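# Summary of structural features
What follows is the residue order along each chain.
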Amino acid sequence: MTVIYHIVRGFFYLLSLLPYRVIYFLSDALYLLIYHVVRYRRKVVRGNLTSSFPEKTTDEIKQIERKFYHHLCDYFLETIKLLSTTHEDILKHVEFHGVEEFEKCFDRGQSCSILLGHYSNWEYLPALFLKLQRHPDVVQGMIYHPLRSDVFDRLFLDMRQRLPGVCIAKKNILRKIVELRREKRLYYFGYISDQSPKWENIHLWLPFLNHDTPVFTNGEKIMRKMNEAVFYIEMRKVSRGHYASYLTPITYTPNELEENAITRRFFEMLEETIRRDPSLYLWTHNRWKRTHEEFDKRFKTVNGKVIPR
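Residues numbered from 1 in each chain as written. Predicted model: local features only at pLDDT ≥ 70, side-chain atom pairs only at ≥ 80, totals over all residues. Heavy atoms only, no water.

## Quick word on the packing of aromatic side chains
Rules: Note on aromatic pairs: the rings of Phe, Tyr and Trp (six-membered ring only in Trp) are paired at centre separations within 6.5 Å, and the planes decide the class, stacked below 30 degrees, edge-to-face beyond 60, tilted for the rest. Either the NZ atom of lysine or the CZ atom of arginine qualifies as a charge over a ring when it sits within 6 Å of the ring centre and within 35 degrees of the ring normal.
Per the stated rule, a full pass over the model turns up 25 aromatic pairs. Grouped by ring-pair contacts, the aromatic residues Phe102, Phe106, Tyr188, Phe231 and Tyr252 constitute a single cluster. Over the face of the ring belonging to tyrosine 20 we find lysine 81, whose NZ or CZ atom lies 4.6 Å from the ring centre. The ring of tyrosine 252 carries arginine 108 above its face, with NZ or CZ at 4.9 Å from the centroid.

Right under this line is the structure:
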């Protein structure tokens, strides 16, 4: 496995050395391959778009679909660039707004959480750390879900850790936060919170993109327990290869809100973002494969735990 990894990494590293104009030429070629020839998850994408935007015509759905596949190819090759890019170069491609308000939390000794979705190029968002002026010792935690392929899981970790921060598997989040608090260190963690939970982890359903949607709530529980300030980050695509990210506070006092209020607000904000430009959302996942009706038939909740009927 190690030999295979080094071969794959070597290939992608050489690819990452290519200038952006060549990268985007390859991206255009990749689009033709995966969209028109391989037809990668075309049925899933079309189904997700059609059910999310029933008000749109077939031609409008197809237009979003094509723009999405173009962006998906850009995202993939831009992420590969992380293997060799410098911090100075990455900041030429992504800008951040709202950093001053974000840093004020650290000024008063409060750690933070950032909520985001699979939107635009989320792999560039850890560059936020490079914009912190007054708190270079703050720990940036990048939460990830391990990939099934050991080779590509290791490769993506390598790419992500080219930017400052600590990559942490989602099952180890709480343990890492407790460790940091014991060391009296300030931190912020980024939660990509739009994934579909397993049946036993479903405790809340919300309206999202015209669907009754199961959502994760564990992230909010941690934010409440640790009294973290919570921000939403939206990344807009300014032009090809250039992004603008906006930090918006959701709350500085999570324990003063009703239960699940943070999660509800996040999905409201994410939907607003997606409706502004649907082509930048990750439509290849079968996000709504679990239905409320099936959940009610197969499971019940007893003392806060989901168990089979």
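So, next bit.
## Examining unusual backbone geometry
Glycine aside, the phi torsion of most residues is negative, and most peptide linkages are trans. Put simply, the rule reads: By the criteria applied, helices consist of DSSP H or I runs no shorter than four residues and strands consist of E runs no shorter than two, each listed in order from the N terminus.
Here the phi dihedral of arginine 39 falls at roughly 55 degrees; this positive angle occurs in a residue that is not glycine. Here arginine 39 lies in the loop between α2 (20–37) and α3 (42–52). The backbone of arginine 41 shows a phi angle near 50 degrees, a positive value even though the residue is not glycine. With respect to the helices and strands, arginine 41 occurs in the loop between α2 and α3.

## Some points on the pattern of salt bridges
Oppositely charged side chains may form a pair once their charged atoms are brought near each other. The following threshold applies: The rule for a salt bridge is simple: a side-chain nitrogen of Lys or Arg has to be within 4 Å of a carboxyl oxygen of Asp or Glu.
In the structure shown here, the tally under the stated rule is 20 salt bridges. Among the salt bridges present, the one from glutamate 65 reaches arginine 46, with a minimum N-O distance of 2.6 Å. Here glutamate 65 is found in helix α4 (residues 58–81), whereas its partner arginine 46 is found in helix α3, with 19 residues between them in sequence. Across the pair aspartate 107 and arginine 134 runs a salt bridge whose closest N-O atoms are separated by 2.7 Å. Pair noted here: aspartate 107 is in helix α6 (residues 99–107) and arginine 134 is in the loop between β2 (112–116) and β3 (139–144), with a separation of 27 residues, a long-range link. Three or more residues are tied together by salt bridges with common partners; here these are Asp28, Asp74, Lys237 and Arg240.

## What to know about the nonpolar core
Across soluble globular proteins, nonpolar side chains show a tendency to be buried alongside one another. Test applied: Here the nonpolar core consists of buried residues drawn from Ala, Val, Leu, Ile, Met, Phe, Trp, Tyr and Cys, with membership extended through side-chain atoms lying within 4.5 Å. When accessible area is computed with a 1.4 Å probe and restricted to protein chains, residues below 20% of their type maximum are described as buried, those above 50% as exposed, and intermediate ones as partly exposed. Only heavy atoms enter the contact rule, under which two residues are in contact if any of them lie within 4.5 Å.
Membership of the largest hydrophobic core comes to 87 residues, with the highest contact counts inside it found for Phe102, Ile114, Tyr188, Phe189, Tyr191, Ile274 and Trp283. Residue contributions to this core peak at nine residues, all from α4. In contact with tryptophan 283, not counting residues within four places along its chain, are Val44, Val45, Asn48, Leu49, Ser52, Phe53, Phe68, Leu209, Ile274, Pro278 and Trp288. Core analysis: the next-biggest nonpolar cluster, separate from the first, contains six residues, Ile202, Trp205, Phe299 and Val306 among them.

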